[in-house]
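# Close look at the chain arrangement
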Amino acid sequence: MNIAGMMRQVQEMQGKMSAMQNSLGEIEMVGQSGAGAVVATMNGKGELKKIKIEPKLVDPAEVEMLEDLIVAACSDAKAKVDAHVAGETEKMMGGVKLPPGVKLPF
């Protein structure tokens, strides 16, 4: 094994990881619940950016259902963000498998 070559690969990977982390704030994923009645938009860092609620859902008698739909939409958006980050990380790693339980970015 060539130590210098390995160090170069590590540095390249660090540069790619840094670039990916910087771009995550610009990526948006949309999650839905209630057949699109509640829509949540998150950026790639998992920050909630926007909630859209179908006006007919704003009924004082249905507040609990609305709360559940908001949570479901946010969970859907977060799952999509996580899947996107995992896919981008896998591409960046070039097929190198991480040990079980290790997630990037840290």
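Residues numbered from 1 in each chain as written. Predicted model: local features only at pLDDT ≥ 70, side-chain atom pairs only at ≥ 80, totals over all residues. Heavy atoms only, no water.

The helix and strand tally for the protein stands at 2 helices and 3 strands. Each helix (α) and strand (β) of the protein, taken in turn from the N terminus, gives the series α-β-β-β-α. By residue count, 25% of the 106 residues in the protein fall in the buried class. Partitioning the intrachain contacts of the protein with sequence separation of at least 6 by distance along the chain shows that 50% fall at a separation of at least 24. Put simply, the protein shows about 7300 Å² of open surface, and 58% of that area lies on carbon and sulfur atoms. (Helix = DSSP H or I, 4+ residues; strand = E, 2+ residues; numbered from the N terminus. Buried < 20%, exposed > 50% of the residue type's maximum accessible area, 1.4 Å probe, protein only. Contact = heavy atoms within 4.5 Å. Areas by Shrake-Rupley, 256 points an atom, 1.4 Å probe, with all protein chains shown as cover.)

Right, let's get into the nonpolar core. Among the nonpolar cores identified, the biggest contains 18 residues, and V38, A40, M42, L57, V81 and V85 are the most heavily contacted of them. At the level of elements, helix 1 (3-23), strand 2 (38-43) and helix 2 (63-93) are the ones that each hand at least two residues to this core. Residues contacting V81, with those up to four places away along its chain left out, are M29, M42, N43, G44 and G46. (Core = buried A, V, L, I, M, F, W, Y, C linked by side-chain atoms within 4.5 Å.)

Moving on: helix 1. For helix 1, with 21 residues, the first-to-last C-alpha span of 30 Å sits near the 30 Å given by 1.5 Å per residue. Within the sequence span of helix 1, burial applies to G5, M17 and M20. Buried residues of helix 1 fall within an arc of 110° about the axis and therefore sit on the same side. Turned more than 90 degrees off the buried face of helix 1, the exposed positions are I3, A4, Q11, Q14 and N22. In this fold, the buried residues of helix 1 make contact with helix 2. Sitting at the amino-terminal end of helix 1 is N2, which places a side-chain oxygen 3.0 Å from the backbone nitrogen of A4. (Expected span 1.5 Å × (residues − 1). Arc of directions from axis to C-beta. Polar contact = N/O pair within 3.5 Å; in protein donor to acceptor, adjacent residues only side chain to side chain.)

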